[in-house]
2 protein chains.
Amino acid sequence: MPSAASSQLLDADFPTRLREVAGMVETRLDALLPKPNGHQSVIFEAARYAALGGGKRLRPFLVVETARMLGGSLDEALSVGCALECLHVYSLVHDDLPCMDDDDLRRGKPTVHRAYGDAIAVLAGDALLTRSFGILGEVDLPADVKVKLVTELAMSGGMSGMIGGQVVDITVAEGERDEALITELQAMKTGALIDYAVRAGGYVAGASETELAALSAYARDMGLAFQIQDDILDVTGDAETVGKAVGKDADLGKATFVSILGLEGAQHRAKELGERAKNRLAPWDKAAQTLRDTVDFVLERKH
Amino acid sequence: MPSAASSQLLDADFPTRLREVAGMVETRLDALLPKPNGHQSVIFEAARYAALGGGKRLRPFLVVETARMLGGSLDEALSVGCALECLHVYSLVHDDLPCMDDDDLRRGKPTVHRAYGDAIAVLAGDALLTRSFGILGEVDLPADVKVKLVTELAMSGGMSGMIGGQVVDITVAEGERDEALITELQAMKTGALIDYAVRAGGYVAGASETELAALSAYARDMGLAFQIQDDILDVTGDAETVGKAVGKDADLGKATFVSILGLEGAQHRAKELGERAKNRLAPWDKAAQTLRDTVDFVLERKH
């Protein structure tokens, strides 16, 4: 098990690796999303507009780095990561719709419905979600592995996973949210896909059930730490660095980990979860350094 | 090959069989869609509201009857049919949204967005689409068959299939629509899933490539005949029997098979396609009677 001190500082190579994988994801997504053609070419354009050109690509990064740690095929891990990214992007496209969050900007450019209209945005989201499963069906992996990837993606992205979390976020009044509720909400809304990312990397590499359980535990701790850090940044960050309006949660009287645990309590909790996440990787010793660095990256980020 | 005369009249048992399968689909869907639970229970309710309680269930019927003809497992065919039905239902839920067709009623009850609001309707559609693939991942079939079912569903329901057809329908002006365009539109918008239905039944039963090709040819001819009959009913039907407003297409100056071919031309074309569809089933002789009856059902229906 690595000492806490050794993993306190972010590996200098980490940002480079993150950037490299993001570049590979961009290229692979470009290849996996059909080029505009036919009378319906606008839907190909809209899907590409939504999926290409940016983002940290944290989910595919986790798929790739988990597969790398376990000695799996990076090429197939990259495609699986892109399938997951398509699902993540579809959720953003639908989330931005006027009847949902009604956002005009995403990654510094107009949201899909602002650029292409609401109907095409609904359909582009549908198309990206559909394509996620198509990509998983096409990757060069054994059929039983692909079936696991499909089945678990449908669970993680479905009514008991990501969509369930979105629904709780939309429907449960702020006053009714305690720590247990916002923890459950986060576990579904963002945690389920982070868990899927590392498990998918595990499946690509033929991980054992024991290994998959350790990876899931790592992902769950890190996912929650990620959300707590988000809440902390809303209080401590300045808008310019964070890249979006801050103090919004408090202004809205929103129940967050900071409003419930206090700023210091939240910081302590995030740190504790981060350490626990890293300790879950003990079985892989030095090979897990990038996944450990990912935890530090998540906690040290200023945006 | 059956004589044209022998298949002219609808088998008296056909309506019973159609009704029986619809009942089985209803029961199976009820089992495959999770019961409302947790803080997000409204999304389970909305998904069940959309998927349960009605419809001819033509697509699952085709899956089941094709599998039956080929000696495949009816139980697995039924689940695969339900996966396809979930995908079909999601497309209706999103189609009915205010930013799409803005419909208030579906199968005689308020559309999902009228009953649950636009945000939940978007998410319920997303959830049903996601569940389609989840169901395919879970059925008791060999992994390689499930991968084919997943991959082809993603194609048939995606940008080059159903979604592509919807986009053409939304974006191509009426004046630019000739017979070739509306044929292509139909082949994508409704034809792709009918094709998928019979191929899926074939996969469940382990059909050969030659058999799958014949099934696809049958489905393509029948799908087009179905659409032409729709256009004919809009001109010849009375609103009460058809169950919706008629004469709408002509009032809107819509390019339809009737406006392009004339009423008699369209009737002739539908009949011709129907005969051709039935002839595609020659390899299966008497065992194909239900699939032949389905063609007559499609052409003789008054609504």
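In this text, all values refer to a predicted model and were calculated from it rather than measured experimentally. (Residues numbered from 1 in each chain as written. Chains lettered and ligands numbered in written order. Predicted model: local features only at pLDDT ≥ 70, side-chain atom pairs only at ≥ 80, totals over all residues. Heavy atoms only, no water.)

### With respect to the interface of chain B and chain A
- Each partner contributes to the interface: chain B provides 47 residues, whereas chain A provides 47 residues.
- Our count for the chain B to chain A interface comes out at 6 residue pairs in polar contact (both at pLDDT 80 or more).
- Within the residue set of the side of chain B that touches chain A, elements represented by two or more residues are α2 (41–51), α4 (74–95), α6 (118–138), α7 (143–156), α8 (162–171) and α9 (179–204) of chain B.
- When residues of the side of chain B that touches chain A are assigned to their parent elements, the largest contribution, 13 residues, is made by α6 of chain B.
- Here the side of chain B that touches chain A is composed, by residue class, of 28 nonpolar, 13 polar and 6 charged. (Contact = heavy atoms within 4.5 Å. Polar contact = N/O pair within 3.5 Å; in protein donor to acceptor, adjacent residues only side chain to side chain. Helix = DSSP H or I, 4+ residues; strand = E, 2+ residues; numbered from the N terminus. Nonpolar A, V, L, I, M, F, W, Y, C, P; charged D, E, K, R; others polar.)

### Considerations on helix α9 (residues 179–204) of chain A
- Counted at 1.5 Å a residue, the expected span for α9 of chain A with its 26 residues is 38 Å, and the 35 Å between its end C-alpha atoms agrees.
- Counted residue by residue, α9 of chain A has 19 buried out of 26 residues, so it is predominantly covered. (Expected span 1.5 Å × (residues − 1). Buried < 20%, exposed > 50% of the residue type's maximum accessible area, 1.4 Å probe, protein only.)

### Quick word on the pattern of salt bridges
- The final tally for this structure, using the stated rule, is 44 salt bridges over all chains.
- Each of Glu26, Arg57, Glu85 and Arg107 of chain A takes part in one network of salt bridges that share partners. (Salt bridge = Lys/Arg side-chain N within 4 Å of Asp/Glu carboxyl O.)

### Topic: the environment of Glu300 of chain B
- Following the sequence through the fold, Glu300 of chain B ends up in helix α15 (residues 289–300).
- Expressed as a C-alpha distance, the spacing of Glu300 of chain B and Gln229 of chain B, which sit 71 residues apart in the sequence, is 8.6 Å.

### Points about the relation of the copies chain B and chain A
- Expressed as a screw transformation, the operator carrying chain B onto chain A has a rotation angle of 180° and an axial translation of 0.0 Å, and the superposed copies differ by an RMSD of 0.0 Å. Such a combination of rotation and displacement between the chain copies is what one expects of a two-fold axis. Within chain B, the C-alpha atom positioned nearest to the axis of rotation is that of Ala143 of chain B, 2.7 Å from it.
- Both copies present the same face, since 100% of the interface residues in chain B are matched by interface residues at the equivalent positions in chain A. (Least-squares fit on C-alpha atoms with pLDDT ≥ 70 in both.)

### Notes on the state of the cysteines
- Tallying each qualifying case throughout the model produces 0 disulfides over all chains.
- For Cys82 of chain B, which is in no disulfide, the shortest distance to another cysteine sulfur is to Cys86 of chain B and amounts to 6.9 Å.
- On the basis of relative accessibility, which here comes to 0%, the residue Cys82 of chain B falls in the buried class.
- Its sulfur unpaired, Cys99 of chain B is 6.9 Å from the next cysteine sulfur, which belongs to Cys99 of chain A.
- Among the residues examined, Cys99 of chain B registers a relative accessible area of 28% and is labelled partly exposed. (Disulfide = S-S within 2.5 Å.)

### What about the confidence of the model for chain A?
- Looking at chain A as a whole, the pLDDT averages 92, with 91% of positions reaching at least 70.
- Ignoring residues within four places in sequence, the model shows residues 1–9 of chain A, a span with pLDDT below 50, making 12 contacts including any to other chains. (pLDDT = per-residue confidence, 0-100.)

### Considerations on the packing of aromatic side chains
- For the coordinates displayed, the defined rule picks out 7 aromatic pairs over all chains.
- The interplanar angle of 75° and the centroid separation of 5.5 Å between the aromatic rings of Tyr49 of chain A and Tyr116 of chain A together place this pair among those described as edge-to-face. One end of the pair, Tyr49 of chain A, is in helix α2 (residues 41–51); the other, Tyr116 of chain A, is in helix α5 (residues 112–116), with 67 residues separating them in the sequence.
- Note on Phe14 of chain B and Phe61 of chain B: the rings are 5.5 Å apart at their centroids and 85° apart in plane angle, and the pair reads as edge-to-face. Remark: Phe61 of chain B occurs in helix α3 (residues 58–69) and Phe14 of chain B occurs in helix α1 (residues 14–32); sequence separation between them is 47 residues.
- By relative accessible area, which is 2% here, Phe14 of chain B ends up buried.
- For Lys109 of chain A, the ring lying beneath its charged end belongs to Tyr49 of chain A, and the centroid distance is 4.2 Å. (Phe/Tyr/Trp six-rings, centres within 6.5 Å; stacked < 30°, edge-to-face > 60°. Lys NZ or Arg CZ within 6 Å of the ring centre and 35° of its normal.)

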